[in-house]
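Each chain, letter by letter, is given below.
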Amino acid sequence: MDSQEGSSEEAEGAKERGLVYVWKAGSCSITPERLPGLNGKTVLQAALGINHGLLLTEGGEVYSFGKLPWRTGPEESCANSPILENTLLGQHVITVAAGSFHNGAVTEGGVVYMWGNNSAGQCAVANQPYVPEPQPISISDSETSPLLSVRILQLACGEEHTLALSLSREIWAWGSGCQLGLITTTFPVIKPQKVEHLAGRVVLQIACGAYHSLALVQCLPVQEMKPIPERCNHCSQLLITMTDKEDHVIISDSHCCPLGVALADTQTENLLSCPSLETLEGRSVTGSQSEDCQKSTVEEHMLVTLEPDGASMLSNNDGQEDSGISSPGNILFPDKKEVKEYGLSDNSLNESLEKSISTEPDQPSQEEQLSACVSGPPSTSTSALNSLVASCASAVGVRVAATYEAGALSLKKVMNFYGTSSSEVGSQSGSGSPGPEGLKDSREEQVRLESMQGKKSSSLVDIREEESEGVSRRLSLPGLLSQVSPRLLRKVGRAKMRTVALTPTYSGEADALLPSLRTEVWSWGKGKEGQLGHGDVLPRLQPLCVKSLDGKEVIQLSAGGHHSLALTAKSQVYSWGSNTSGQLGHLNSPTTVPRLAKVFGVWSTAAGSDYSLFLTDKEDFQPGLYYSGEETTTENNLYENNCTKSPVLLLPCSKIGYISNVIAGGESCLVLVDKNVMGYIASLHELASTERRFYFKLSEIKSQVLRPLLGLDNLGSANTIQLLQEMASRFSKLCYLIGQHGASLSSFLRGVKEARSLAILKHSSLFLDSYTEYCTSVTNFLVMGGFMLLAKPAIDFLSKNQELLQKLSEVNEENTQLVEVLNALFFMPFGRLHNYARTLLKLATCFEVASPEYQKLQDCSSCYESLAVHLSRKRKEAEYTLGFWKTFPGKMTDSLRKPERRLICESSNRGLSLQHAGRFSVNWFILFNDALVHAQFSTHHIFPLSTLWVEAVSEEAGNVNGLKITTPEEHFVLISSTPQEKTKWLRAISQAVDQALRGTSDLLLHGAGGNISRQEPPISRSAKYTFYKDTRLKDAMYNGRWLSGKPHGRGILKWADGRMYSGTFRTGLEDGYATGEVYEGCFQNNMRHGHGLLRSGKLTSSSPSMFIGQWTMDKKNGYGVFDDITRGEKYMGMWQDDLCQGNGVVVTQFGLYYEGAFSTNKMMGTGILLSEDDTVYEGEFADNWTLSGKGTLTLPNGDYIEGLFSGEWGSGIKITGTYFKPSLYENEKDKPKALRKLGTLAVSPDEKWKAVFEECWSQLGCDSPGQGDRWKAWDNIAVALTTNRRQHKDSPELLSRSHTQTLESLEFIPQHIGAFTLEKYENIKKYLIKACDTPLHPLGKLVETLVAVYRMTYVGVGANRRLLQEAVREIKSYLKRIFQLVRFLFPDLPEEGSTIPFPVTATKGKRSFCSGKSDSRSESPEPGYVVTSFGLLLPVLLPRLYPPLFMLYALDNEREEDIYWECVLRLNKQTDTALLSFLGVQAKFWPETVSILGDIRKVSPNTKDACFASAVECLQQISTTFTPADKLKVIQQTFEEISQNVLESLQEDFLWSMDDLFPVFLYVVLRARIRNLGSEVHLIEDLMDPYLQHGEQGIMFTTLKACYYQIQHEKLT
């Protein structure tokens, strides 16, 4: 509506838009008159009631005219010229609606205003018969907790009710009557309520008749295929029965469930439920739709064949048992001349059937009988099996003689059982046009007959089973065609398999941007005249789906007084309900199910009180208006109230201009007209009209050609069928998009008509992509010879319908070959692109050249034009390729012919030969778009273009016209006959390689410059290749970077046996850092050198052994961990030349632990051996687990033996020696000496993982730790980050968004000037946390590697309690060495243990906890923050190493913790007061009240788990923290919580003494029930900052430790 922004021309043109013309309804000879008094305002929308109307102008103002009895002034209550509704001024209304006597308007903000007659509450105002001025009404959703007001998009008003459609696509209703769809019986409903029955569905449009309501609802997404059940899920009888009669079988699916209709929620499953096998048409060919059987099949190919003259086909022998239909002589389609509509003949027998019926109105008998036999008019449903037969019969062209089984069912019984078809009963009276009385009788009769079907169903509540037109949908041709050949039935089975694949592919994207065509019509309210369309005249209190309109692609609904109209995307109109004045646009009888009206090319409809208006496309693109309804003529009073036989063109309307909107009301009709300024409006109408016809045509091709083709037998190889199906589904997708576009253009014409909001402009990529995709599949089909293959099996079908095919494909010459006709038919859609381009250009000329609209239209036009050119080039390429395959020797064709492969050029003209070729050898070179093929007599070799390099041979070499071809495993020179030939081939190959590397030629297209391409493809590129020659690499696949035929750069090489190398390559060889199944780690000169991980053994996942550690020149050297998975042993120690040499530790899965010297892979020399039960041997070893020489053996109870030992551990050892039994251990009474000495013979922690740290230093540019230039180091970091980021650009999935942000922030180096402060320390800490978060940073890489090696060491067999001290020492060593790195990068960071002064304000210190002294830190000489590697680095490192470390603590403290835990469980059985007194807590500290779930209660003797609850909760958090510092903070907070609790109850200032505090804290510890408290305590003790030990936190920690030991030794009294 913001047309102000448009250019001046558009503004001028706007004055000629939205002109209002009105005339009296009820006659075909009319004179439309301009409505006076609007002063040239543009009207956007109008609405009519019985005697009044509303207009909405461009500024959002609302005018009323006509009889307005609710207005107060006498001159206003009957306004001939429009009156402005002042109340709505400034509200900017966007849509208006008029009921019979009331009005509604919706503002931009979604607020609804109502006024007019309110006798039934239709204005949502209480106790007020009239609402004179527009009143805002509140619609709020009670389901949302703060009541949200609902925003409304659209309104519809009936006689006594109003419906509103909300922004969230739900319906709200108010007023009176069942047409509200609400679950209530108290009327009027004043407060708007939601129609719950449709909640959750997407409602697209609503319409109100006088007493009924309609809604257009988007279909639910297509469900997965479900198998057809064999038995009724209600009564378990077989659904399809086969009965053997003398010489044939009757197959019947007429199962009538004795339990009545199965009622389910919103969608009743049909008894024979097979969900929709949606086929091309979006309709079903096989199986019944998921509760709506086929409508399409019978409709499109009726088995009843009509003779063109409409002669009666049946003898009406009611008495005879043998009456049936049999007309084998007739062709399937009636005479073509009869059907002339919509610019082309429509062979979907639908309309032709109706036409031939209506040609002879004087033969009612024929019509009645016809309908009785077919049991319903064309839109009848057939059952699953019948429809299969029907569709196949028609598709294959088999002439089926349908005869009822003799004696099975007489016609009379059939008629009684199924009710009559309601199409013709009305014309029983025989006279040309019966008077109104006759009509009324016949209508009642009709209605009575239509309801008869109800008697067969034991429940009338919900007649959904019988919706379709008085025919039980379970059986449309009773007894089934018995003389169907078994061949046909087989065909049915086969067709069924095939159609499954053909579900139309709706693109979800298009559905979101354009109107959906997958719609259902739901109706509810009074159904007395059949206006609900459910096949009966019962009212419906709740919305019910009109099943027979499923799959009909309804896009607009109109509801009149007692009839309804549905407009489809194919520009057809279905009408149903009252037909007293002929308002349905077809035969003179009412109908209770939708029927096609006899008017075609419709794009807008309007339903009045008893007439209908149809806006149609005419040949000259100016819309024509048809009227269907009462026809008042004055010549002769006898014919006062004639009806239009079929819709009549209102000629005067064409003279007034281009109609954009029709509105029907009670007494008058109204149209909005645009004048065609500068051809703008005409061009828009032309675009819309041609698009709708184009869709009609595509639909025809789909239903008349594609679907039968897909149903055919022996279509050739599976490959061909797949290509055909792909083509069909792409065609289907394109067709659907065009249908959507047609619908969107129709609604566009009814709206503001701003050029820039045209879908073809806004969403041009949708159209370009759909056409391109379709082109790809149709050219692929062509290249594979699809059309020639099709011609054979389809010859029957095609030759029968030659005329139809020629008409559809627009091929005019006579005797064109079938293949060419098919070819033309499937390439026909591309012509449309030129039309788009032309129309857009025409529209562009209506704007000034400088305007943005002109620019956009111009660009888009050239986009469509260049796509058209591009696609026609594609077609030429495909045809050229097809021609080539026809001449190519057959054997090779099979292996080389691929759907996507196109020929570029080939050397059959002897233009190109191989250098040094033999005299008689034949060398034929063929260049495709993906490969260069070198063909010889019987063999050929394929060189993929992505790994092919071409260059002209330099002239000095003597080869004037040579081309050098390089591939990974071949090099050869091609000699061309002439320089021109050489240039041609060089250019062709270069372009083809370039194209192959870019992936697709279609990418060039959306930009304007389509033809610019690089002259030379890049020498360095990424590609995949599988080696076939090279002995070392045979069958290995490489994926990565290449340089002139050799792998170069990053890549992955996978061998067939599962080996894999991933890393950098240099001119074809592996090099550098790599990860692979065999080895991950560093290389130098193609040898393993530096830190690396080697997995050996066949299975990667559970490889029998794994080594991680240092390598030197391909040998294990230095410290390493070797996990021998098969033997269950892990070695951690020194290596030399691939052997264990030096000190080391071995642990086994059986709990043995050895620490000592190794030599040549054996335990040799001094060592300590410990077994699981604490038996210790210290002494000499000679081999693995073999004692030999002097030693001491200590038993678990402290006794020991000294002497000479020999023998293998665990299998009898010889001892010569002395046995000692000491009285008591001297000081540390629990541990033998050996256990105290553990770790002395292991590798010292600082010797471990040197290579890892060295690599980090060298990445920073230092030769040895700490030696180097700091700025160079920072440069190296920046380089590492940037290059890594670039490499990851190719594979974005490796980098999350947060990761990218981290990287960006790391590229900024923290700067420090001036004194070092706490703030700078925090900055360094933040930098380190980020750096360690990304492995792209050298520090991050270091931490990642350390975490990996640590886990490798201490997980699995390494989880041995003896290794705890080793593990702790290793962490401390990491901290020391990383701290050195950090201080190198940040030289102003003080050294370990120095203090950073606090900012001045903080030094005052807070009151201490226990004594009057100031904060603990003041005990150090100068208050400040102590810098330690623990404080800085543990937060980064420990969380990553926590799981294996804590596991070791838990194993080591297992025995202690079990005792502790048993005690905790026992003591926790006590109540709070009992436990407090048991622990000796002074009574003054006992809480008197506790807060339980927010309310305060007194502490009673049986209160449990309530005292000090906050402190208990606080302490429990110790298990959720990682670092000792965090754990200490938790302990400190717990103390503060306890203090807080006590202070509240004492209400005085108070200082703890340790004697008072300890019992209270002990109580809290017990109640906290921390399972692994021992492990927590020891972990804190081992890893806490040394300077904290004597501070406040240190004292608190000591208290916790004391509690832990106290609990273990607590004696319960």
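Overview of the structure. Quick caveat: nothing in here was measured; it's all calculated off a predicted structure.

**Re the packing of helix H14 (residues 764–783) against helix H18 (residues 818–827)**
1) Next: Across the interface, H14 lies against H18 with an axial gap of 11 Å and an inter-helix angle of 165°. Here H14 is positioned roughly antiparallel relative to H18, judged by the angle of their axes. Crossing hand, H14 versus H18: left-handed. Contacts between H14 and H18 involve Tyr-774, Val-778, Thr-779 and Leu-782 on the former and, on the latter, Asn-823, Phe-826 and Phe-827.
2) Next: Each residue belonging to the contact of H14 with H18 can be placed in one class, and the counts come to five nonpolar, two polar and no charged.

**Some points on helix H30 (residues 1429–1452)**
1) Next: When the terminal C-alpha atoms of H30 are compared, their 26 Å separation across 24 residues is substantially less than the 34 Å that a helix rising 1.5 Å per residue should span.
2) Next: The largest bend in H30 amounts to roughly 65° and is located at Tyr-1442, with the proline Pro-1443 lying one to four residues further along.
3) Next: Across the 24 residues that make up H30, a large majority, 17, are buried.

**A look at the pattern of salt bridges**
Close approach of charged atoms lets side chains of opposite charge pair.
1) Next: Counted by the stated rule, this structure contains 44 salt bridges.
2) Next: Note that Asp-994 is salt-bridged to Arg-998, the shortest N-O span being 3.5 Å. Highlighted residues: Asp-994 and Arg-998, both in helix H22 (residues 979–998), separated by four residues, approximately one helical turn.
3) Next: Overall, Asp-994 belongs to the buried group, its relative accessible area being 3%.
4) Next: With its nearest N and O atoms 3.3 Å apart, the salt bridge here joins Lys-1250 to Glu-1247.
5) Next: Residue classification places Lys-1250 among the partly exposed positions, given a relative accessible area of 35%.
6) Next: Through salt bridges with shared partners, a single ionic network connects Asp-141, Glu-143, Glu-170 and Lys-194.

**Comments concerning the nonpolar core**
A general tendency of soluble globular proteins is for nonpolar side chains to be buried together.
1) Next: Grouped together as the largest cluster of nonpolar side chains are 127 residues, with contacts concentrated most on Leu-613, Leu-625, Leu-709, Tyr-771, Phe-826 and Tyr-864.
2) Next: Take this core: its biggest share by element is 15 residues, from helix H12 (residues 718–750).
3) Next: Residues in contact with Phe-826, not counting those within four places in the same chain, are Ile-701, Val-705, Leu-706, Leu-709, Met-727, Tyr-774, Val-778 and Phe-787.
4) Next: Counting residues in each nonpolar core, the second largest holds 77 residues, with Cys-1332, Ala-1367, Leu-1381 and Leu-1579 among its members.

About the thresholds
Counting of residues starts from 1 at the beginning of each chain's written sequence and follows it residue by residue. Only residues with pLDDT of at least 70 get local features here, since the model is predicted, and only at 80 or more are side-chain atom pairs given and counted; chain-wide, interface and lining totals rely on the full set of residues. Values reported for side chains reflect all heavy atoms of the structure, with hydrogen atoms and water molecules removed beforehand. Think of each axis as a best-fit line through the C-alpha atoms, taken over the contacting stretch in the case of a helix, with angles from 0 to 180 degrees between the N-to-C directions. The numbering of helices and of strands both runs from the N terminus, where a helix is a DSSP run of H or I of at least 4 residues and a strand a run of E of at least 2. We call two directions roughly parallel when the angle between them is under 35 degrees, roughly antiparallel when it is over 145, roughly perpendicular when it lies between 65 and 115, and oblique otherwise. Crossings are assigned a handedness: left-handed for a near helix turned anticlockwise from the far helix by less than a right angle, right-handed for a clockwise turn. Residues are treated as being in contact if the distance between any of their heavy atoms lies within 4.5 Å. Asp, Glu, Lys and Arg are counted as charged, while Ala, Val, Leu, Ile, Met, Phe, Trp, Tyr, Cys and Pro are counted as nonpolar; the rest, among them Gly, fall into the polar class. Take the number of residues in a helix, subtract one, and multiply by 1.5 Å to get its expected span. For a residue, the bend is simply the angle between two axes, fitted respectively to the seven-residue segment ending there and the seven-residue segment starting there. The buried label applies to any residue whose accessible area, calculated with a 1.4 Å probe on protein chains only, is under 20% of its type's maximum; exposed applies above 50%, and partly exposed to all values in between. Salt bridges are defined by distance alone: a side-chain nitrogen of Lys or Arg within 4 Å of a carboxyl oxygen of Asp or Glu. Only buried residues count toward a nonpolar core. Its members are Ala, Val, Leu, Ile, Met, Phe, Trp, Tyr and Cys residues joined through side-chain atoms within 4.5 Å.

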